[in-house]
Amino acid sequence: MTAQSNAGVGEAGTTVTRRLVIADMAHQYSVAPVADAPVLVAELAAEAGDGTRAMEFLRPGQTASGALSAVRATGQIQPLAPPAAPLPTWSCTHFPTDFTAYLANALAATDGIENSASATLSALSPLLLLRTHTTASGPFTEVLICARYRAHGTLFVRTARFAHAADISLADLVARALEYRTVLQDHMRIESNAYINCEEDIEIEQKVTLLDEASIWSLTKDMWTAVEAGDFPGFITYPGYELTRWHFVQHNFEVTGPAEEVGHYAFQENPGNRYQLKMKKFPADALRRQETFRKGVEVPGGDFEAYLAREFPTLSFRRLPSFRRTRFDVNVHSLATGHGFGIETDEVTVDAAGGRKLRQVEMEYLETYRHEGLDATTIDDEMERLTRLVEAHLAKAGVASERNHYSKLSFLRDCVAAGATAPSPTPQP
């Protein structure tokens with residue numbers, strides 16, 4: 001799975017020059033700098049199109065460069081003798097072995113001192129990715145800072161962009177980019193602070209209901225493979241959180257009143273005889289629904305009705321059948337907008353309705369990486385684009401489907417109308 005691409009966003013006929021800046025980690029974190037550590041600049045393959053990027057993800061092969069320079073603290077630029085063929089410059093946490101040997105020799109030849117690089121190379125790591133655009137109004141460069149290291153690649157997020165002269169020197173370009181390294185620094189230096197939910201306590205979700213019998217595990221694996229192969233232009237799998245698996249035994253209640261509080265409350269079984277209570281408020285199936293949670297809920301004797309009466313005395317409820325739900329998620333991010341989505345394929349089984357099943361693929365908004373130019377109004381358009389790609393993938397796989405907002409609550413109502421009893425026996429995992 002190495003074909004995942006950053007292409008597919010932007011106009012054809014133009015290119016963006018990309019440079020990977022490899023520097024002392026002290027530029028980003030409060031650690032002692034290494035004396036005389038150079039800044040290495042590796043020119044990467046140009047990218048077709050003129051689209052900007054909120055994010056980029058570089059796998060080892062995508063860091064290959066045949067043109068490298070060292071920028072010294074004095075501002076001196078030292079072009080290095082090129083390798084015989086482009087070499088990947090970074091893998092996981094280190095320079096690849098071939099590149100290490102090349103770099104040590106190239107720096108030694110430049111400095112005239114044998115092994116001059118050995119004391120400084122260990123301090124270096126990818127810091128910035130610079131994307132330089134040439135436009136009619138003049139060139140500008142996007143500055144993306146490293147936000148996540150993973151074994152299979154490195155993630156960068158845009159923190160700034162700046163205009164500059166067409167003939168700016170490489171040293172000045174790097175120096176100006178480094179001036180922006182502290183923008184969003186307090187977020188980027190801690191991975192869990194690097195993203196936000198743009199609409200807190202609101203579930204944003206498109207649903208595609210499957211009309212055919214299908215293996216949701218097979219569909220999930222194929223979807224993951226398709227994203228990795230570049231079949232979902234402009235989307236990448238979320239580094240370090242590519243695929244997640246879920247299973248719930250869930251006990252369901254419809255909130256029937258008052259009118260402004262109607263919706264669906266569900267107790268999801270957790271280990272240790274505790275529950276997660278999911279509370280959704282919505283008058284009708286829709287793209288957006290209010291959703292909040294209570295975690296670690298104790299329900300003595302499994303008496304859900306007593307718990308609800310005690311905790312929510314102003315609400316009225318109707319018991320609905322319980323179900324088992326298995327869900328497999330392929331988690332993706334949009335390179336253009338930084339928005340993260342789950343492609344969530346699930347199968348719900350209601351034993352009280354004779355094992356009646358509902359299979360759906362849900363495109364759910366998860367979060368957005370903080371970045372320069374963040375625009376929450378693009379969530380719906382990017383989710384729509386993702387949903388169309390999923391629909392096309394299902395059609396290509398020969399799986400009939402229908403886009404709708406058909407909720408689990410509506411499914412349970414239909415089960416009751418078809419003769420399912422409520423409450424039902426506790427489903428078995």
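Predicted, not measured: the structure shown is a model, and the values here were computed from it.

J.: Sorry, what's going on with the overall build of the chain here?
T.: When you go through the chain residue by residue, the secondary structure sums to 7 helices and 20 strands. Taking the principal axes of the C-alpha coordinates as reference, the chain spans close to 85 × 45 × 40 Å. Long-range contacts, defined here as pairs at least 24 residues apart, represent 68% of the contacts in the chain between residues at least 6 apart. Accessible area of the chain: about 18,500 Å², with a carbon and sulfur share of 52%. Side-chain charges in the chain split into 40 positive and 54 negative, and the spacing between the mean points of these groups amounts to 4 Å.

J.: Would you take a moment to explain the nonpolar core for this structure?
T.: Nonpolar side chains in soluble globular proteins generally cluster together in the buried interior. Among the nonpolar cores identified, the biggest contains 30 residues, and V39, M55, L128, L130, V143, V174 and Y369 are the most heavily contacted of them. Counting residues per element, the ones that place at least two in this core are β1 (15–24), β2 (39–43), β4 (55–58), β7 (124–133), β8 (140–150), β9 (153–163) and α2 (170–179). Take this core: its biggest share by element is 6 residues, from α2. Each of domain 1 (15–193) and domain 2 (196–418) contributes no fewer than three residues to this core. Setting aside residues up to four positions removed in sequence, V39 forms contacts with V21, I22, A23, H27, S69, A70, V71 and V174.

J.: Explain the layout of surface pockets here, please?
T.: If you roll a probe as big as a water molecule over the atoms, it shows you where there is empty space left. Space inside the largest pocket adds up to approximately 1,000 Å³. Grouping the constituent residues of the lining of the largest pocket by class yields 13 nonpolar, 9 polar and 19 charged.

J.: When you look at the state of the cysteines in this model, what are you seeing that I'm missing?
T.: Here, disulfide denotes a covalent bond that connects the sulfur atoms of two cysteines. Tallying each qualifying case throughout the model produces 0 disulfides. Here C92 is not cross-linked by a disulfide; its sulfur's nearest cysteine counterpart is in C146, at 12 Å. Residue C92 is classed as partly exposed on the basis of its relative accessible area, which comes to 31%.

J.: Just to check I follow, could you spell out the domain arrangement of the chain for this structure?
T.: Put simply, an interface is often sized by how much accessible area is lost when its parts join up. Structurally, the chain comprises domain 1 (15–193) and domain 2 (196–418). With 21 residues of domain 1 in contact, the opposing surface of domain 2 contributes 18 residues. For the domain 1 and domain 2 pair, buried surface summed over both sides reaches about 1,500 Å², with 59% attributable to carbon and sulfur atoms. Across the domain 1-domain 2 interface, the total number found is 3 salt bridges. Between R59 and E228 there is a salt bridge, with the nearest N and O atoms lying 2.4 Å from each other. Residue assignment for the side of domain 1 that touches domain 2 shows that the elements contributing at least two residues are β4, β8, β9 and α3 (185–188). In terms of residues, the side of domain 1 that touches domain 2 owes the most to one element, β9, which gives 6 residues. Residues belonging to the side of domain 1 that touches domain 2 are distributed by class as follows: 9 nonpolar, 5 polar and 7 charged.

J.: Would you mind going over the packing of aromatic side chains with me for this structure?
T.: Remark: the centre distance and the inter-plane angle together describe each pair of aromatic rings, the angle taken between the planes. Under the defined criterion, the tally for this structure stands at 20 aromatic pairs. On the numbers, 5.5 Å between centres and 10° between planes, the contact of F162 with Y180 is stacked. Here Y180 lies in the loop between α2 and α3 and F162 lies in strand β9, a separation of 18 residues in the sequence. When the centroid spacing of 5.0 Å and the interplanar angle of 65° are considered together, the rings of W217 and F328 count as edge-to-face.

J.: I keep staring at the pairing of β1 and nothing clicks. Help me out?
T.: The side chains of a regular strand alternate between both faces of the sheet. Among the 10 residues that make up β1, 8 are buried, leaving the element largely enclosed by the rest of the structure. Where β1 meets strand β3 (residues 47–48), 2 bridges bridge the pair, whose relative direction is antiparallel. For T15, the partnering residue across the bridge sits in β3 and is A48. Summarising the sheet, β1 and β7 pair through 8 bridges and their orientation is antiparallel. When the sheet's bridge partners are listed, A23 is paired in β7 with S125.

J.: Sorry if this is basic, but what is going on with the packing of helix α4 (residues 216–228) against helix α6 (residues 379–396) here?
T.: When two helices pack together, you describe them by how their axes are tilted relative to each other and by the distance separating the axes. It is at 11 Å that the axes of α4 and α6 come closest, and there the two elements cross at 120°. Taken together, the axes of α4 and α6 lie oblique to each other. Seen from above, α4 lies across α6 with right-handed handedness. Contacts between α4 and α6 pair L219, D222, M223 and A226 from the former with V390, H393 and L394 from the latter. Classifying every residue of the contact of α4 with α6 gives 5 nonpolar, 1 polar and 1 charged.

J.: In this structure, what is going on with the side chain of H164? I would like to understand it.
T.: Relative to the elements of secondary structure, H164 occurs in the loop between β9 and α2. Only 2.7 Å separates the side chain of H164 from the side chain of T141, close enough to count as a polar contact. Setting aside residues no more than four positions away along its own chain, H164 makes contact with T132, P139, F140, T141, L173 and R176.

J.: Mind showing me how you'd approach the environment of I145 here?
T.: Note on placement: I145 falls in strand β8. Counting along the chain gives 38 residues from I145 to V183, while the straight-line C-alpha distance between them is 9.5 Å. When near neighbours in sequence (up to four residues on either side) are disregarded, I145 contacts Q28, L127, L128, L155, F156, V157, T159, R181 and M188.

Cut-offs and rules
Residues numbered from 1 in each chain as written. Predicted model: local features only at pLDDT ≥ 70, side-chain atom pairs only at ≥ 80, totals over all residues. Heavy atoms only, no water. Helix = DSSP H or I, 4+ residues; strand = E, 2+ residues; numbered from the N terminus. Contact = heavy atoms within 4.5 Å. Areas by Shrake-Rupley, 256 points an atom, 1.4 Å probe, with all protein chains shown as cover. Lys, Arg positive; Asp, Glu negative; His and termini not counted. Charge placed at Lys NZ, Arg CZ, Asp CG, Glu CD. Core = buried A, V, L, I, M, F, W, Y, C linked by side-chain atoms within 4.5 Å. Buried < 20%, exposed > 50% of the residue type's maximum accessible area, 1.4 Å probe, protein only. Domains from an automatic or database assignment. 1 Å grid on protein atoms, 1.4 Å probe; cavity = no way out; pocket = protein on both sides within 12 Å on 5 of 7 lines; lining within 4 Å. Points joined across faces, edges and corners; volume = space filled by probe spheres on them. Nonpolar A, V, L, I, M, F, W, Y, C, P; charged D, E, K, R; others polar. Disulfide = S-S within 2.5 Å. Buried area = accessible area lost by both parts, 1.4 Å probe. Salt bridge = Lys/Arg side-chain N within 4 Å of Asp/Glu carboxyl O. Phe/Tyr/Trp six-rings, centres within 6.5 Å; stacked < 30°, edge-to-face > 60°. Pairing = 2+ DSSP bridges. Axes fitted to C-alpha atoms, helices over the stretch in contact; angles between N-to-C directions. Parallel < 35°, antiparallel > 145°, perpendicular 65-115°, else oblique. Left-handed = near helix turned anticlockwise from the far one by under 90°. Polar contact = N/O pair within 3.5 Å; in protein donor to acceptor, adjacent residues only side chain to side chain.

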